[in-house]
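# Structure at a glance
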Amino acid sequence: MSNTDQTLANLLQEDRRFEPPAELAAHANLTAEAYDRAAADREGFWAAQAERITWAEPFTQVLDWSNPPFAKWYVGGKLNAAYNCVDRHVEAGRGDKVAIHFVGEPVGDTRSITYAELQDLVSQAANALTDLGVEAGDRVAIYMPMIPEAVVTMLACARIGAPHTVVFGGFSSDALASRLEDCQAKVVVTADGGYRRGAASALKPAVDEARTKAETLGHTVEKVLVVRRTGQDLGENGWDDAVDVWWHDAVDSASTQHTPEAFDAEHPLYVMYTSGTTGKPKGILHTTGGYLVGCSYTHWAVFDLKDDDVYWCTADIGWVTGHSYIVYGPLANGVTQVLYEGTPDSPERGRWWDVIEQHGVTIFYTAPTAIRSFMKQGREIPDARDLSSLRLLGSVGEPINPEAYVWYRHVIGGDRTPVVDTWWQTETGSIMISPLPGVTAGKPGSAMIPIPGVAADVVDEEGTPVPNGSGGYLVLTEPWPSMLRTIWGDDERFKETYWARFAKQGYYFAGDGAKKDSDGDLWVLGRVDDVMNVSGHRLSTTEIESALVSHPKVAEAAVVGAKDEDTGQAVCAFVILRESALDSGASDGGDDIVAELRKHVRKEIGPIATPRQIMVVPELPKTRSGKIMRRLLRDVAENREIGDVTTLADSSVMDLISSGLSGGKGDE
Ligand code: WT7
């Protein structure tokens, strides 16, 4: 705690301010008056934002909040999300505008897709999915590289009313299997592989494995639709004629004519799995009308979107950022955007800057972890490219430290560009707290205040707002259109996780700690629960602990997130080995067992969950009731003096841990 206070004190000494560029301010999409207008009549404000969307049938009520926390937005309204993202732009005469400049990782592998072409592709995919037996309400899982077909598949699902669940391609087959089972996916759409770090990286074999595992969990996937991206070998048993279908057979031959059906505003649009405080990921449910309004409005307001902008968000479609700020927000707004398949350093470190130069990117949205890694590599790399097309920079995923903010603005933005630090979550669906680029004087490190239409506060344990200069829990105090509607199949967990903590006030509890500075601006400090944020990706300590104890040599495990210069937080694991493992020579907790465990976590969850550090310890610090005191482990992991140990059942445990530390480090 004292450490946090110190960090805060340092942060709040920040006195650099960056005024909006005059030109931008003069033509800003949203100006300062919007704050008051929205606060005076929040529902009226959201009714007006809904006009950004084309409704097949108008709504009769903006918000039904009669049964909290289950909200209904735009009651009675009907719409089709894919029509809104594609067809209506073609109908408006903008069919020749480029929707997607696709940049494959192999240099020179590019493809530009206009809105008219996108309409054909989405219609074909919708027809093909229908032919495979997918009906409105059926779930479709998507496990794909960052290729246009991924976007097309999401939109095709939306078009036929089949909620999609996109599983990040970096997740293991086990993680995929549990998601397939949880949402009972009927069809999986995947690719043979994708290009990452200069090589073809397989995806289809993981789908085969996941399908077999889902089967043992009692769930059958009916069809797997496969894009040929890399042409790589699928392996000996890599094709099952009864299940597997090539995209080029099913989709390419399908009709380009498809009439989109209008669905209820509350029809499920997608389920996105995210980590919580227990081992089981939560399927966050977003519905159609409110979500689309939220994404479209925020993308237009926060990025000050203009018709001739070239926009690029570097997120993967496997995360919510890819859903809201590659697919639904930008395409609903008829944007031209870059879609990049690979890693920032392939074939060499300046790849992203090359893409910006080549496509004249004007708005760029990325994560602090990426910015910090570029800082480390040195400014010579971006300096060697012409980045003068950029006019606005965005940041998302974790707190951006002031130095990274200033470097981003200075080196990438040439000191012309505002930086918008956008706070939101999988659950909120769209940006909640952010500067407005034409209004706010940017303050490095602060996400500033809620955008017009959103109401947030920082409260104490009792739910009472804290005064300026104090910290507490970040809450959203009013419902908003793109809010999650529930956790898939688990209304109780939905209520318990987000609404129970401040039930009396009816506030949404975000799980983040925050502070209001002396101006009342918000500084998001990070998670207050057992959730970590590694490179802007949410991981649950319990999930990784479960993975560790599933290894036969591990008796007990505790995982904490420790501060990390590059990734924000890093996974640090403390494990107690089983006697049998100790007997068989792993007693020193040497490199072998550590490497084995790291590999195991990677297999169970995926590379992003791989512990930076695994410490083999004889005991874990526990309270008398048996609760692991992660706070103390965090002290060890961050090389701090150990804090208060008075509630430890056995106070000598920490000495044991500190004296016998051994472990492996690596950065794979
Ligand atoms: C958590 C949500 C939002 C899409 C990407 C992550 C942290 C996110 C910021 C920010 C400080 C941030 C929070 C939040 N976070 N953006 N601008 N400043 N913290 O989505 O996986 O749902 O994670 O990411 O801790 O609760 P997510």
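For the protein, an unreviewed UniProt entry supplies the name acetate--CoA ligase and the organism freshwater metagenome. Quoted verbatim from the Sequence similarities (unreviewed entry) field of the UniProt record, the comment on the protein reads "Belongs to the ATP-dependent AMP-binding enzyme family."

## Side note on the packing of aromatic side chains
Applying the stated rule across the entire model yields 38 aromatic pairs. Aromatic pair Trp352 and Trp353: ring centres 6.5 Å apart, planes at 85 degrees, arrangement edge-to-face. A relative accessible area of 6% places Trp352 in the buried class. Judged by centre distance (5.9 Å) and plane angle (80 degrees), the rings of Tyr473 and Phe509 are edge-to-face. Placement of the pair is Tyr473 in strand E22 (residues 471-476) and Phe509 in strand E24 (residues 508-516), with a sequence separation of 36 residues.

## Side note on the site of the ligand
Around the ligand, the surrounding shell holds 18 residues, and the nearest of these are Asp421, Thr422, Thr426, Asp512 and Arg538. A distance of 2.6 Å is found between an oxygen atom of the ligand and a side-chain nitrogen or oxygen belonging to Thr426. Within the complex, 96% of the 560 Å² of free accessible area of the ligand lies under protein. When residues of the shell around the ligand are traced back to their parent elements, those giving at least two are helix H12 (320-332), strand E20 (419-422) and strand E25 (522-527). Looking at the shell around the ligand residue by residue, the class counts come to six nonpolar, seven polar and five charged.

## Quick word on the nonpolar core
In terms of nonpolar packing, the biggest core is built from 116 residues, with Leu118, Leu155 and Tyr328 touching the most fellow members. Apart from the residues within four sequence positions on either side, Leu118 is in contact with Val86, Ala99, Ile113, Val152, Leu155 and Leu331. Of all hydrophobic cores here, the second largest spans 48 residues; its members include Phe168, Val271, Leu285 and Val575.

## A few points about the sheet that holds strand E19 (residues 392-396)
Strands sit in the order E5-E4-E17-E16-E18-E19-E20 across an open sheet of seven strands; the sheet is mixed. Edge strands, defined here as strands with exactly one partner in the open sheet, are strand E5 (110-114) and E20. Across the sheet, the mean angle separating the axes of adjacent strands is 20 degrees when strand polarity is ignored.

## Looking at unusual backbone geometry
With an omega of 5 degrees, the peptide bond between Pro68 and Pro69 qualifies as cis. For Pro69, the location among the structural elements is in the loop between strand E1 (61-64) and strand E2 (72-75). Cis peptide bonds are those with omega within 30 degrees of zero, and the linkage from Ser346 to Pro347 qualifies with 0 degrees. Its place among the elements puts Pro347 in the loop between strand E17 (336-340) and helix H13 (351-359).

## Section: the pattern of salt bridges
Here the structure, examined in full by the defined rule, presents 45 salt bridges. Taking the shortest distance from any N to any O, the salt bridge between Glu403 and Arg16 comes out at 3.0 Å. Taken together, the residues span a long stretch of sequence, with Glu403 in helix H16 (residues 402-412) and Arg16 in the loop between helix H1 (2-11) and helix H2 (22-26) at a distance of 387 residues. By relative accessible area, Arg16 is classed as partly exposed at 28%. Among the ionic pairs, Asp529 bridges to Arg527, the shortest N-O distance being 2.7 Å.

## With respect to the packing of helix H5 (residues 81-94) against helix H6 (residues 115-131)
How two helices pack is summed up by the angle between their axes together with the distance between the axes. Between H5 and H6, whose axes approach to 9 Å, the crossing angle comes to 140 degrees. Judged on the interaxial angle alone, H6 and H5 are oblique. The handedness of the crossing between H5 and H6 is left-handed. When H5 is examined against H6, the residues Cys85, Val86, Asp87, His89, Val90 and Arg94 are found in contact with a partner set consisting of Tyr115, Ala116, Leu118, Gln119 and Val122. Its residues placed into classes, the contact of H5 with H6 shows seven nonpolar, two polar and two charged.

## A word on the packing of helix H14 (residues 368-377) against H16
Look at H14 against H16: their axes get within 10 Å of each other, and the N-to-C directions meet at 70 degrees. Relative to H16, the element H14 is oriented roughly perpendicular. Contact residues: Ile371, Arg372, Phe374 and Met375 in H14; Glu403, Ala404, Trp407 and Tyr408 in H16. Each residue belonging to the contact of H14 with H16 can be placed in one class, and the counts come to six nonpolar, no polar and two charged.

## A word on the confidence of the model for the protein
Scored by pLDDT, the protein comes out at a mean of 93, with 96% of its residues at no less than 70. The low-confidence segment residues 662-668, where pLDDT is below 50, has 19 contacts with residues more than four positions distant or belonging to other chains.

## Some details on helix H11 (residues 289-302)
Owing to its 3.6 residues per turn, the α-helix aligns residues three or four sequence positions apart on the same side. For H11, which comprises 14 residues, the first-to-last C-alpha distance of 20 Å matches the rise-based estimate of 20 Å (1.5 Å per residue) to within 8%. The buried fraction of H11 amounts to 13 of the 14 residues, a majority that puts the element mostly inside the structure. Asp304 sits one or two positions beyond H11 and adopts a positive phi of about 45 degrees.

## Quick look at the sheet that holds E25
In spatial order, the strands read E21-E22-E24-E25; together these four strands make up an open sheet with antiparallel pairing. At either margin of the open sheet sits one strand with a lone partner, and together these are strand E21 (456-459) and E25. Taking each pair of neighbouring strands and ignoring which way they run, the sheet shows an average axis angle of 45 degrees. Relative to E25, E24 runs antiparallel, the two sharing five bridges. In the sheet register, Gly513 faces E25, and the bridge partner there is Gly526.

Criteria and thresholds
- Residues numbered from 1 in each chain as written.
- Predicted model: local features only at pLDDT ≥ 70, side-chain atom pairs only at ≥ 80, totals over all residues.
- Heavy atoms only, no water.
- UniProt positions renumbered as here; feature names shortened; annotations may be inferred.
- Phe/Tyr/Trp six-rings, centres within 6.5 Å; stacked < 30°, edge-to-face > 60°.
- Buried < 20%, exposed > 50% of the residue type's maximum accessible area, 1.4 Å probe, protein only.
- Helix = DSSP H or I, 4+ residues; strand = E, 2+ residues; numbered from the N terminus.
- Near = heavy atom within 4 Å.
- Polar contact = N/O pair within 3.5 Å; in protein donor to acceptor, adjacent residues only side chain to side chain.
- Areas by Shrake-Rupley, 256 points an atom, 1.4 Å probe, with all protein chains shown as cover.
- Nonpolar A, V, L, I, M, F, W, Y, C, P; charged D, E, K, R; others polar.
- Core = buried A, V, L, I, M, F, W, Y, C linked by side-chain atoms within 4.5 Å.
- Contact = heavy atoms within 4.5 Å.
- Pairing = 2+ DSSP bridges.
- Axes fitted to C-alpha atoms, helices over the stretch in contact; angles between N-to-C directions.
- Salt bridge = Lys/Arg side-chain N within 4 Å of Asp/Glu carboxyl O.
- Parallel < 35°, antiparallel > 145°, perpendicular 65-115°, else oblique.
- Left-handed = near helix turned anticlockwise from the far one by under 90°.
- pLDDT = per-residue confidence, 0-100.
- Expected span 1.5 Å × (residues − 1).

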